[in-house]
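Fold and contact review
Residues per chain are reported as follows:
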Amino acid sequence: MRFAYRFSGLLGTVYRRGNLSFTRDGNSLLSPVGNRVSLFDLRNNKCETLPLATRLNIVCVGLSPDGSLAILIDEEGAALLVSLIGKCVIHQFYFHKPVHSVSFSPDGKKFVVTKDNLAYLYHAPGKKREFNAFVLDKTYYGPYDETTCIDWTDDSKCFAVGSKDMSTWVFGAERWANLIYYSLGGHKDVIVACFFEENSLDLYTISQDAALCVWQCDTELDGLKPMPPKDAAKEKKAAEDDEELLEEPKGEEIHGKADPSEQETRNKVKYSRVAKYFFNKEGDFNNLTAAAYHKKTHLLVTGFASGIFHLHELPDFNLIHSLSISDQRIASISINCTGDWIAFGCSGLGQLLVWEWQSESYVLKQQGHFNSMVSLAYSPDGQYIVTGGEDGKVKVWNTSSSFCFVTFTEHNSGVTAVTFTNTGYVVLSASLDGTVRAFDLHRYRNFRTFTSPRPSQFSCLAVDSSGEIVAAGSQDSFEIFIWSMQSGRLLDVLAGHEGPISSLSFNPMKCLLASASWDKTVKLWDMLDSWRTKETLIMNSDVLVVAFRPDGRELAVAALNGQITFWDHENAVQTGSIEGRHDLQMGRKELDKITAKQAAKGKSFTTLCYSADGQSILAGGLSKFVCIYNIKEQILMKKFEISCNHSLDAMEEYLDRRKMTEFGSMALIDEGGGGDEGVAIPLPGVKRGDMSYRHFKPEIRVTCVRFCPTGRSWAATTTEGLLLYSLDSGLIFDPFELDIDVTPSNIRKTLSQKEFTMAIVMAFKLNEKKLIQEVIEAVPSTEIDVVCSSLPDLYVEKLLEFLASAFETSCHLEFYLIWANKLLMLHGQKLKTRSEKLLPMIQFLQKSIQKHFQDVSKLCEWNIYNIKYALAISQQQGMKRPAEETPGGEEELDSDSDYLMQEAHKETLRS
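In this text the structure is predicted, and so the values were computed from the model without any measurement.

Overview of the pairing of strand β11 (residues 110-115)
Regular strands show a simple pattern: their side chains alternate between the two faces of the sheet. Of all the six residues making up β11, six are buried; the element is thus mostly covered by neighbouring parts of the structure. Residue alternation in β11 divides its side chains into two sets, Lys110, Val112 and Thr114 and Phe111, Val113 and Lys115, and both sets are buried. With five bridges connecting them, strand β10 (residues 99-104) and β11 associate as antiparallel partners. Within β11, the residue paired with serine 101 across the bridge is threonine 114. Here β10 folds back onto β11, and the loop between the two strands holds five residues, one of which, glycine 108, carries a positive phi near 75 degrees.

What to know about the nonpolar core
The nonpolar side chains of a soluble globular protein tend to be buried with one another. Grouped together as the largest cluster of nonpolar side chains are 39 residues, with contacts concentrated most on Ile760, Ile776, Leu799, Leu803 and Trp819. Put simply, the parts of the chain that give this core at least two residues each are α5 (744-752), α6 (756-766), α7 (769-778), α8 (784-790), α9 (793-809), α10 (813-833) and α11 (835-877). Per-element accounting of this core gives the leading share, nine residues, to α9. Core analysis: the next-biggest nonpolar cluster, separate from the first, contains 23 residues, Leu10, Ile628, Ile700 and Leu723 among them.

Details of the packing of α5 against α7
In contact at an axis separation of 11 Å, α5 and α7 are set at 5 degrees when each is read in the N-to-C sense. As judged from the angle between their axes, α5 and α7 are roughly parallel. Taking contact as the criterion, the partners of Pro744, Ile747, Arg748 and Leu751 in α5 are, on α7, Leu771, Glu774, Val775 and Ala778. Within the contact of α5 with α7, the residues separate by chemical class into six nonpolar, no polar and two charged.

Here's the deal with the side chain of asparagine 280
You can see asparagine 280 is positioned in the loop between β22 (271-278) and β23 (288-294). Discounting chain neighbours no more than four positions away, the residues touching asparagine 280 are Asp209, Ala210, Phe285, Asn286 and Phe304.

Considerations on the sheet that holds strand β50 (residues 573-579)
Judged by pairing direction, the sheet is antiparallel, and its four strands sit side by side in the order β47-β48-β49-β50 without closing on themselves. Where the open sheet ends on each side, the last strands, each with one partner, are β47 (543-548) and β50. Averaged over all neighbouring strand pairs, the angle between strand axes comes to 20 degrees, with direction disregarded. Note: strand β49 (residues 563-568) against β50, six bridges, orientation antiparallel. Bridge pairing in β50 links tryptophan 567 to glutamine 574.

Some words on the confidence of the model for the protein
Caution applies to low-pLDDT parts of the model: their predicted coordinates are not meant to be read in detail. For the protein, the mean per-residue pLDDT works out to 84, and 86% of the residues sit at or above 70. Within the model, pLDDT remains below 50 along residues 238-249, and this stretch shows three contacts once partners closer than five positions in the same chain are excluded. A low-confidence stretch, residues 672-682 (pLDDT under 50), is modelled with 18 contacts involving residues beyond four sequence positions or located in other chains.

Rules behind the numbers
Throughout, a residue's number is its position along its own chain's written sequence, starting from 1. Restriction of local features to residues with pLDDT of at least 70 applies here, the model being predicted, together with a cutoff of 80 or more for giving and counting side-chain atom pairs; totals for whole chains, interfaces and linings are based on all residues. Remark: hydrogens and water are excluded; side-chain values derive from all non-hydrogen atoms of the structure. Buried means the residue's accessible area, taken with a 1.4 Å probe over protein chains only, is under 20% of the maximum for its type, while exposed means over 50%, and partly exposed covers the values in between. Secondary structure elements are defined from DSSP: runs of H or I of at least 4 residues count as helices, runs of E of at least 2 residues count as strands, and each element is numbered from the N terminus. We treat two strands as partners when DSSP finds at least two bridges between them. To form a nonpolar core, buried Ala, Val, Leu, Ile, Met, Phe, Trp, Tyr and Cys residues must be joined to one another through side-chain atoms within 4.5 Å. Fitting a line to C-alpha atoms yields each axis, with helices limited to the stretch in contact; the angle taken between N-to-C directions then spans 0 to 180 degrees. Our angle categories are set so that under 35 degrees counts as roughly parallel, over 145 as roughly antiparallel, 65 to 115 as roughly perpendicular, and the remainder as oblique. Any two residues whose heavy atoms approach within 4.5 Å at even a single point are treated as in contact. Residue polarity is assigned by list, with Asp, Glu, Lys and Arg as charged and Ala, Val, Leu, Ile, Met, Phe, Trp, Tyr, Cys and Pro as nonpolar; anything else, Gly included, falls into the polar class. Scored between 0 and 100, pLDDT is the confidence that the predictor attaches to each residue.

As structure tokens, then:
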């Protein structure tokens, strides 16, 4: 149970590539993040990452009209059918080739997938169980080049497909007598998007050179005639004969022609171009990269390679709004069902924006670290996480909402270490720009900047338990710098190491600093004894990281030889060691000349962290695994695979022989950027685009791991982002001292007899959360005092832990606060004797209560302010105004409400 941690969230990355999709109600947004999908609840300001992943990065997402199903397709065409209700994978399918787009029909009965120059129409999975969820209905031929986009008519009778050959094709989902296929030209560049008008066959097509064509159809949707029964029967028989010859049914095939004969076009639907508009002004060459259209409000949103987006009203092409959101290419745009919110995704910056165009305000504005995350730290109550990245930014994340609420950009170079002080209101960060900065989380400002006499690159950082002493290690001058937080002055420079300082750690209980260096030593410095070296521990290899146990009695050291050693620092005696190199299980990079097994001999753990109870240690390094070891037994308890994304390098242990040729690995061939933003070489000798752009695969690695002070979760900064793993107790049956008589019916029987203490003890023995909640909520508030006093000591801890988790979800705030108050008042002294063991649970309880306190205090302050405002207005109503009006009298009348607001504000300040 203790190690039943499951993936619970991905922070720090909000969008990578692929299409954004709003849910049916328009309040949530589905965003592909690497090989995972995040669901942003915009109403409740929360983010959730679905607990499923594809093998490679997701390139397109199709959402069913009812919002219950989604199809996720990765770079190689492997698809997952996902239930958004159960948040699980229902079916897997392989399309064998890269897919460009996928779209469900508005009635939800079918969906279209485009790959190469073909469009495939599939029957959508129904509500009944099926052997094969994806049944091919029809295959459509027509475009000569790769297809790019899809759009459906409102009644699901037809769909349009755009192509890179500058043509747009309209196909019938059924074989209509007057519309089987229709080809539209009129563009000089790749088709980016095509949209049908509401309840009509009229069509808008948009190309990459920022041109819009308006196509009018001479037939309404009701005018589409079904195929005569005779012709339909003949075609069906021919299709069945073809299928008998094939090994597997391929569905009906429809072959379109770009220039059909007159006989074929007679009595058929006809399109005519009624207008052509250009987005770029004269002399502008700004590529259009994404577009979305809201049919009810006739709102067209277009995004460009320069980061600009335009809002137009169609069909008149009236410009409503134009704004630049960044200097990077807009990769995806989506509009919600009401047409109020527009979502933009920028893959270059990893940026996700939701814009309310009528009020011209942001509903959501999130961006991850531009480069890799390097370090992280939990706040003392576990509510916030601070991260530092190679882009020089320091970001603070809320663990409950998964959103970043403040970003500090004062550093000029990569951030190497971050930490919280014990108060939880100050964040410290060390950087390669030679500064250590302190940030205030009340006013969101940089209030202290610590520097060294000579410029130094700081590689590590530590702050003592009082928050008064700040220490940073230098990687070029081999010195440790000590500052006072209060005055900002440099107190001392500790010299003695003969190599770069790799890690610093303060003892939580004593005035002792441990420093690790590449000179194969760990030095212990006594703060009270003029910073003299108290002890020097000699290692067999370069030391990479050092960490104290939460009670301060043990020191863990990870070295370059892959060993984790444990020391009793008081007596300078080694108490144990773990050989962890084989547990790292390195992967082989595509261009590595040696095997993964050989490469692992030179690898080691680069980050360590003790669990909240100090009984186990978490370790990570340059691999896809994070290991938890039991310190006492010195064995591996569990190994977590943090990623299964094969779009990252060093994921596989062995090289893929299919990618090897007689001349070497195919990875050596640089294909430029690849995709839409890469180098386009259409003809020999013709080159355009940025030829300096190179395609590369980032390597999977874990740069930092930290346990939450509550002990219920841990986090790791990786190549993919900030991963959170939490205890998921809901799915595990974990009874405690279970007896044959302890059953739900017996517990309820005891409860009905008003034997509350006995019922609570029995419920905890069964350890079913819902049953415990039922029992506790059945206890009258007048009986809580009696029950708490008669409860055995063993169950007091369990009840406090339950209360801490119940605070997060329950609406019975006062009731649970009475329970917590009585338990702590009656058993406080006994609990204090076991404070070290119970600290994570108490911190968890504090975190839950603190969160409610912040929410309720804000509400109370707002209510007090409103009441005082109402009182001020009622007092003003009885006052008579002077008859004579000055020239500025009208202005005075207008400013009445401002005056009243000021009066109410003064009242608040006085109180």
